[in-house]
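Coordinate analysis (summary)
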Amino acid sequence: MKHIDAAGHTRGESQYVDDMPQPVGMLHAAVFTSPVAHGRIISLNLEEAVRCDGVITVLSAKDIPGENQIGALIPDELLLAEHEVHFVGEPVALVLAKSYEQAHRAVAKIQVEIDELPVVTDPRQAFESGAIIGPARTFALGDVDTAWQECAVVVDGQCEIGGQEHLYLETQRCRAIPLEDGVLRLYSSTQSPYAVQKAAARVLGVAHHKIEVDVKRLGGGFGGKEDQATAWSCLTALAAHCTGKAVELVLPRHQDMICTGKRHPYSADFRIGLNQAGKILAYDVKHYQNAGAAADLSPAVLERTLFHSTNAYFIPNVRIFGASCRTNLPPNTAFRGFGGPQGMFVIESAIAKAAEKMNKPREQIQRLNLLRDGDTFPYGQHLDDVRAERTWDEAAQSFDLNKIKQATKTYNDDHFESKKGYAVMPICFGISFTATFLNQAGALVHVYTDGSVSVSTGGIEMGQGLVTNIARIAARAFGISEKRIKVESTNTTRVANMSPSAASATTDLNGHATILAAGQITDRLKSFAANELGLTDKSRLTIVHEKLLDGNRETGWDWQKLVQTAYLNRIDLSAHGFYATPGVWFDKQKEKGNPFAYHVYGAAVFEVTLDCLRGTYEIDSAKIVHDLGRPINKLVDIGQVEGGLAQGLGWMTLEELSFDEQGRFLSNSLASYKVPDAYFMPDDLQVKFLQNVDNPAGPYGAKAVGEPPLMYGIGVFFAIRAAMRAFRPDSDLTFDAPMTPERVLLGLHEQEREVLVTKI
Ligand code: MTE
Ligand code: QUE
Ligand code: MOS
């Protein structure tokens, strides 16, 4: 079964927000945003903009009828700035005009006078001045302070980890349609319809039920539309509310890149201690997260950094500290991995540095310390059914790690200006929202009298294949063909109080809810049929390939007859299913609990070739053994593994966010921000799935797939580093990501640095 949208996307037939026919008289909105990163607004002059051709009105904070507040976790973010601005790109005013071009022309005429204040872009500087969001957090296991004495080797280091632009193909956008009685319908490109509904209701001062949010699909989200779609949707809602007209707001790419938050950059300090054999005895890490100017989801992202700070390893003595630091950058936000990748990068760096100091192969230390059944995470969760060693060993064996190692050595002995490097990257990623209450989902299922089925869930299709998965799950739950299933748009009037589509858990949660809804309907159908057929035991009835069977015996009834007869006998053919993940909890006072339903494991092997004179490199191969449980749809899942890997590789190598000291974003277009393309991807890319593995916690035994593969990308950083060390064994390389060709060159030619820097 292909991705349901494959043909529609390829032909350009799939509809996104601005592909829908335009209502007559629809207005176009454009946003005026702060040109400076920090300051007091002295005056805002909208007059010239109001007089521009086609302009209907210009809105500012004083036009907000309800509360000027959109902060989801902490109320610290205004929809439109009032007295102060805190980052470049903060919305200040909204122009409404008859055309998109007229709206943007008028924005250029808005004048704002700002008394500038000091700008902070560095998280450590923010931390030192006490500018942190929420409490600093510490997870601990064992006793790190005394464990150092038992260690044969102790190393310290620091990491500077870059952020990442989401670069969804479809920029932020929303269309608002006023209905009767003050109701607004919002077609929003959001991963979180309920977040939009709540925030819009708050801003307009109306009840939640006055706002309907409808989402067909997104042209990509990657976390960037989990919380950050809310502001643009609320502005559109405000505009429709104030004018009584349909309004559409579409961010141009350039503005989207400047105004929206990204993956959090982190700065970290680590100390790691090992015994002579390479067993890690102690690990101490401090994470300084660059949160940007408002909380957004930063505290939840930070929490996941702490959860994943020991990656796939068991370490008996651990202290993990993290603080969310407020700076004058756009509020950073969810991005595939949700803080996990940053936590994992630091432990992998610590292991690399220890291996180099001990003169041991890095992968020997990694393998020796992998998680096993019965181990405990620093956050208290006990482990069973661990697949860390299994995925590692399968990767090492089926991709012949020893041969790769030998071939690398031979190549490096034979070449001077070109070197190869390899690295293994294990992953372990927890599945569930760490905020326990979010682990719930609803589904509304209707069976029509012709046997066709309509499924609504709270999940969002953002390209990841949710709709394909839900269709397959629903077909399986009923025992009928996938062709009979239609998955509807996601709408807040059909499924209430939905969690964001995030944390890789969308198919898990909404798939389970769909199974529960379908189960109610098939239960009623079976009771009815048993009665009609004079059978005493309805539990013997099953629907297989659209046929009603009594044990193995055909009853002569098929799906169509079953549904039609049931309808004529007034059997309810609709149901609402509700799922809440069992067994998950977390105690923030003790920082212990059982936050995850299960973990996803895997291991990737990378080979790179480095041009040591130019600093450029090629990724020769990426070979992965990944744990999917029993996949719902292997094609969709391979797409997720390869896509996640591409995004992880980009984050670690090419994608460099550049801000100046005044907080202005310099890499604000695709001319200066480079993402991986098809040519950058390894020629030899192999993805294998663990065979014959189950997952009792997932729908039909499946494991979530969305985020974990991104973290394989971390491996390539260490493969490049290994190649660099083959050229310059004694150089003191940093753990700064991304490993751009410029960084490689400067790292390889430290002595010539001055000359190189002026040339670059
Ligand atoms: N894949 C595509 N094509 N587009 C996306 O926006 N988002 C990723 C991942 N894969 C994304 C994607 C992120 S950040 C998450 S959390 C998951 O998909 C969300 O979907 P899931 O919960 O169904 O895996
Ligand atoms: C992973 C996630 C999210 C998360 C925790 C994860 C996420 C998210 C939240 C969250 C937490 C508290 C809130 C809230 C959201 O937590 O996406 O509104 O009050 O939104 O482990 O992806
Ligand atoms: Mo994904 S970062 O949880 O939207």
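In the block above lies the structure referred to throughout.
Residues numbered from 1 in each chain as written. Chains lettered and ligands numbered in written order. Predicted model: local features only at pLDDT ≥ 70, side-chain atom pairs only at ≥ 80, totals over all residues. Heavy atoms only, no water.

Within strand 13 (residues 266–274), seven of the nine residues are buried, which leaves the element mostly enclosed by the surrounding structure. Bridge count for strand 8 (residues 153–161) against strand 13 is nine bridges, and the pairing is antiparallel. Across the sheet, the residue bridging to Val154 is Gly273, located in strand 13. Pairing analysis gives nine bridges linking strand 13 to strand 14 (residues 280–292), with the strands arranged antiparallel. The partner of Gly273 across the bridge, within strand 14, is Ala282. Hairpin connection from strand 13 to strand 14: five residues lie between these consecutive antiparallel strands, with Gly278 at a positive phi of about 105 degrees. (Buried < 20%, exposed > 50% of the residue type's maximum accessible area, 1.4 Å probe, protein only. Helix = DSSP H or I, 4+ residues; strand = E, 2+ residues; numbered from the N terminus. Pairing = 2+ DSSP bridges.)

What follows concerns the packing of helix 6 (residues 193–204) against helix 7 (residues 230–243). When two helices pack together, their arrangement is given by the angle between their axes and by how far apart the axes lie. Their axes nearest at 9 Å, the elements helix 6 and helix 7 cross at an angle of 45 degrees. By the angle between their directions, the pair helix 6 and helix 7 is classed as oblique. Helix-helix and strand crossings are classified by hand; for helix 6 and helix 7 the assignment is right-handed. Contacts between helix 6 and helix 7 involve Ala195, Val196, Ala199, Ala200, Val203 and Leu204 on the former and, on the latter, Thr230, Ser233, Cys234, Ala237, Leu238 and His241. Tallied by class, residues from the contact of helix 6 with helix 7 come to nine nonpolar, three polar and no charged. (Axes fitted to C-alpha atoms, helices over the stretch in contact; angles between N-to-C directions. Parallel < 35°, antiparallel > 145°, perpendicular 65-115°, else oblique. Left-handed = near helix turned anticlockwise from the far one by under 90°. Contact = heavy atoms within 4.5 Å. Nonpolar A, V, L, I, M, F, W, Y, C, P; charged D, E, K, R; others polar.)

With that out of the way, let us pick up the site of ligand 2. The environment of ligand 2 is formed by 15 residues, the closest being Leu73, Glu226, Arg304, Phe338 and Thr434. Separating an oxygen atom of ligand 2 from a side-chain N or O atom of Arg304 is a distance of 2.9 Å. Interatomic distance of 3.4 Å between a backbone N/O atom of Ala503 and an oxygen atom of ligand 2. Burial of ligand 2 by the protein amounts to 86% of the accessible area it has alone, namely 460 Å². When grouped by side-chain class, the residues that make up the shell around ligand 2 number 11 nonpolar, two polar and two charged. (Near = heavy atom within 4 Å. Polar contact = N/O pair within 3.5 Å; in protein donor to acceptor, adjacent residues only side chain to side chain. Areas by Shrake-Rupley, 256 points an atom, 1.4 Å probe, with all protein chains shown as cover.)

What follows deals with the side chain of Asp256. With respect to the helices, strands and loops of the structure, Asp256 is situated in helix 8 (residues 253–259). Salt bridges are absent for the buried Asp256, whose nearest opposite-charge side chain, Arg253, sits at 5.1 Å. Those residues in contact with Asp256, other than ones at most four positions away along the chain, are Glu165, Tyr168, Thr171, Gln172 and Leu251. (Lys, Arg positive; Asp, Glu negative; His and termini not counted. Salt bridge = Lys/Arg side-chain N within 4 Å of Asp/Glu carboxyl O.)

Taken together, 17 residues sit near ligand 1, with Gly221, Phe222, Met462, Thr506 and Gln640 positioned nearest. A distance of 3.1 Å separates an oxygen atom of ligand 1 from a polar atom in the side chain of Gln464. Interatomic distance of 2.6 Å between a side-chain N/O atom of Thr506 and an oxygen atom of ligand 1. Of the residues contributing to the shell around ligand 1, the split by class is five nonpolar, 10 polar and two charged.

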